[in-house]
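Each chain, written out:
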Amino acid sequence: MSEAIEVDISDLPGVGPATKAKLEAGGVTTILDLAAATVNELVENLGITEETAHNLIFESQRLLRDKGYLEKDLVSAQELFDRRSKMVKCTTFSKNLDNLFAGGIETQAVTEFYGEFGSGKTQICHTLCLSAQLPVEEHGLGGGVLYIDTESTFRPERVAQIARARGADVDKALSNIHVAKVYNASHLELIVKALGNLIQQNAIKLVVVDSIISLHRAEFVGRGTLSERQQKLNAVMHRLKRIAEIYNIAIVITNQVQASPDTFFGDPTKPAGGNIIGHASTYRVYLRKAGQERKAIMIDSPCHPYGDTNFMIIEAGIGDPDESKKSATSSWKTRAIEKKTVKTAKEDEEEKE
Ligand code: GTP
Ligand code: MG
């Protein structure tokens, strides 16, 4: 559902104006914030007891369930079916990739793309910024985009180029993309906490986080900080998943890779972030360079078989290998990418849980 959630924190039993003010002062402004919070977070930020925090979370989730915004603990398959039928799929503009997802990037889900530098993660995100704006009848999500840029790699001119190549109104397309430049891990955590409001205010149907892990990876260095980092990432992922379900929006995250020294056969890279990101992502797709093309491999999905396909990065964003032969890509020069995303064996060991 994309309509505003018409339940207020003060609708909760025992929450009067004083408690509401206290919650707001601690950054909890909507009932969704409360429902997606963790007990530890509330205790730390609000100075309340664990029991009160627990009750507040429990009651807010119950109210959202009663009003039909959250799935009930026990639902009939029919209800689940109805809810799933509200799910929309967004085209990637590549038929191959769409087929890998059995139609496109889904709402009510978190889709993770991971792969080494230059594998096309950011290019897919830029392309989705446009396709998400198409009406649902044209295989889009019919809404705006919120792009959370943690690596300073969002390029409006690239989006403009893709829009132009696809015959879209460039100004209109750009004005529907809201970019949040994020510079440190706690800033990312804050933005993710405020997502509910941002989504409602700007009619957002797609949230991109490019990338989910770079800031936490850079700030929490060394074995001693690993559990704190994983705890924080877990809270972020948990909230993203809830938000995708509650607002019926698509969430796309990118993830880096790290070397896996214990692999003797096959590809020695694996997604960064340990199990925390993998468990919370609904779909997990591995991107690899394959000559001029890119290979996308469905690594984890609740409903798709293991599969892979090839796509291309073209002037018009993402496309299929045959399509690229038609488009004029010769004018475009490959830029040198020196960024390293593959980590050392020692760091890899630290990330194992
Ligand atoms: P990191 O963020 O560095 O981990 O990589 P990434 O997976 O996000 O890579 P990204 O999506 O930035 O892909 C970069 C690749 O896209 C480059 O190696 C180019 O091959 C290709 N590319 C980038 N811009 C263009 C463009 O305007 N036209 C075409 N045809 N290809 C492009
Ligand atoms: Mg990138």
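Only a predicted model underlies this, so the values are computations on that prediction, with no experimental measurement involved.

Q: Looking at this structure, how should I read the packing of helix H3 (residues 39-46) against helix H4 (residues 50-66)?
A: Helix packing geometry: the angle between the two helix axes and the distance between the axes. Where H3 contacts H4, the axes come no closer than 9 Å and their chain directions differ by 120°. Classified by the angle their axes make, H3 and H4 are oblique. The hand of the H3/H4 crossing is right-handed. Judged by residue contacts, Val39, Leu42 and Val43 of H3 engage Glu50, Ala53, His54 and Ile57 from H4. When grouped by side-chain class, the residues that make up the contact of H3 with H4 number five nonpolar, one polar and one charged.

Q: Looking at this structure, how should I read the pattern of salt bridges?
A: Pairs can form between side chains of opposite charge whenever their charged atoms are close. Inspection of the entire model under this criterion finds ten salt bridges. A salt bridge links Arg284 to Glu112; the shortest N-O distance between them is 2.7 Å. Placement of the pair is Arg284 in strand S10 (residues 283-290) and Glu112 in strand S3 (residues 109-115), with a sequence separation of 172 residues. In this structure, Arg284 and Glu112 share a single accessibility class: buried. With a shortest N-O distance of 3.8 Å, Glu189 and Lys232 are connected by a salt bridge. A residue pair is termed long-range when its members are at least 10 positions apart, and Glu189 in helix H10 (residues 185-193) and Lys232 in helix H13 (residues 226-247) qualify at 43 residues. On the accessibility criterion, Glu189 (16% relative accessible area) is buried.

What counts, and where the lines are drawn
- Residues numbered from 1 in each chain as written.
- Chains lettered and ligands numbered in written order.
- Predicted model: local features only at pLDDT ≥ 70, side-chain atom pairs only at ≥ 80, totals over all residues.
- Heavy atoms only, no water.
- Axes fitted to C-alpha atoms, helices over the stretch in contact; angles between N-to-C directions.
- Helix = DSSP H or I, 4+ residues; strand = E, 2+ residues; numbered from the N terminus.
- Parallel < 35°, antiparallel > 145°, perpendicular 65-115°, else oblique.
- Left-handed = near helix turned anticlockwise from the far one by under 90°.
- Contact = heavy atoms within 4.5 Å.
- Nonpolar A, V, L, I, M, F, W, Y, C, P; charged D, E, K, R; others polar.
- Salt bridge = Lys/Arg side-chain N within 4 Å of Asp/Glu carboxyl O.
- Buried < 20%, exposed > 50% of the residue type's maximum accessible area, 1.4 Å probe, protein only.

Any functional reading would require information beyond the geometric quantities listed.
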